[in-house]
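Structure at a glance
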There are 2 protein chains.
Amino acid sequence: MTAMQKLERVMPIGALAERTGVKVETIRYYEQVGLLPPPERSEGNQRRYGRRHAERLAFIKHARDLGFAVDNIRTLLRLSDTPGIACDEAHAISVAHLQEVRDKIARLRSLETELERIATTCSGGVAACDCAIIEALADHRQCSHAHH
Amino acid sequence: MTAMQKLERVMPIGALAERTGVKVETIRYYEQVGLLPPPERSEGNQRRYGRRHAERLAFIKHARDLGFAVDNIRTLLRLSDTPGIACDEAHAISVAHLQEVRDKIARLRSLETELERIATTCSGGVAACDCAIIEALADHRQCSHAHH
DNA sequence: TCTGAAGCTCCAGGAACTACAGCTTTGGAG
DNA sequence: CTCCAAAGCTGTAGTTCCTGGAGCTTCAGA
């Protein structure tokens, strides 16, 4: 049993990268900016990661995939380290981020409309148009003013 | 008439900024990266812009507002300088960009779903949850796998 | 023991600005 | 005409989140 616990397999950075889908350089970057704690080193100064590091990195990756900013992830990690009181703040961060995402979607949708209009004005045919797309860009008055 | 043409009013960078809604620093940046041609200078070496510059900058701003990359704008500007053959390439750029925007919307929508789920799991109440949000981030298996 | 892959540090770049420091020019008021 | 604050100038560094390279060292398997 004591031996078992000692057996917690340890891995170099490349293995961690492969396992989590985070690039080697990015892992080192996360360490540098304080998202991932510095791991033990081998005699030859190479990083050696254990299961706790893998879990933490998975958390980070998941949050990044969801679009959380690194700074917010730092906070979420701190919260996850201090169980109990975490909830409120984590909830606030998530809700704020959800709102950001929704705003971004709204903005992109209005761009989509505008681009659709511009891109289809001139179907990319021959010289005739001269060129509706470029004219649309040159003259904002043609817009439906969806974008600022 | 000759006098009239000479009267084309000329303005310093601040006026151009105000008129177009592009910040002073950004205008200088656009010059530096070759989007906006270097204007005449006053005796004291200050930039003096005319109507052509204002128009070109409006074009750039409009395209940026629509999310076109600076590199594509460079191309669009070149096309707008060589009338006639412009259409095909401009159309291609617009269509590609429209596709990018649509992809981005799709990705954000799947994030929105996931975040909604995560953010509402724990309503931010008291300590009871311990904390659903953080657990959701720690454990990807809870996801509906909409995101990679 | 040897060798090639993987690891190390440090630094530059990229996209599109933004901001500062430390100076000079401008243009209107007095 | 003189003053002075506001606006302009150049050059550099910072922002966010990585990514890639140079030039070196270590590791692990044959």
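Structural data are supplied above this passage.
In what follows, the accompanying structure is described. (Residues numbered from 1 in each chain as written. Chains lettered and ligands numbered in written order. Predicted model: local features only at pLDDT ≥ 70, side-chain atom pairs only at ≥ 80, totals over all residues. Heavy atoms only, no water.)

With that settled, consider the protein's contact with DNA strand C. Not every one of the 19 residues close to DNA strand C is listed here, only the nearest: Gly14, Arg28 and Arg47 of chain A together with Gly44 and Arg64 of chain B. What you see for DNA strand C is that sugar and phosphate hold 88% of its atoms within 4 Å of the protein. A distance of 3.5 Å is found between a phosphate oxygen of DNA strand C and a backbone nitrogen or oxygen belonging to Val70 of chain B. Of all the secondary-structure elements, those providing two or more residues to the surface near DNA strand C are helix H2 (13–20) of chain A together with helix H3 (24–32) of chain B. Sort the elements by how many residues they give to the surface near DNA strand C and H3 of chain B lands first, with 3 residues. Looking at the surface near DNA strand C, its residues break down into 6 nonpolar, 7 polar and 6 charged. (Near = heavy atom within 4 Å. Polar contact = N/O pair within 3.5 Å; in protein donor to acceptor, adjacent residues only side chain to side chain. Helix = DSSP H or I, 4+ residues; strand = E, 2+ residues; numbered from the N terminus. Nonpolar A, V, L, I, M, F, W, Y, C, P; charged D, E, K, R; others polar.)

Before going further, it helps to examine helix H5 (residues 70–81) of chain A. Counted at 1.5 Å a residue, the expected span for H5 of chain A with its 12 residues is 16 Å, and the 17 Å between its end C-alpha atoms agrees. Of the positions making up H5 of chain A, those classed as buried are Ile73, Thr75, Leu76, Leu77 and Leu79 of chain A. (Expected span 1.5 Å × (residues − 1). Buried < 20%, exposed > 50% of the residue type's maximum accessible area, 1.4 Å probe, protein only.)

A few words now on the protein's contact with DNA strand D. Around DNA strand D there are 20 residues in total, and Thr26 and Arg64 of chain A together with Gly14, Arg28 and Arg47 of chain B lie nearest to it. Sugar plus phosphate, as a fraction of atoms of DNA strand D within 4 Å of the protein: 89%. Tyr30 of chain A has a polar side-chain atom sitting 2.9 Å from a phosphate oxygen of DNA strand D. Contact between DNA strand D and Arg28 of chain B: a phosphate oxygen at 2.5 Å from a side-chain N or O atom of the residue. For the surface near DNA strand D, the elements supplying multiple residues, two or more each, are helix H3 (24–32) of chain A together with helix H2 (13–20) of chain B.

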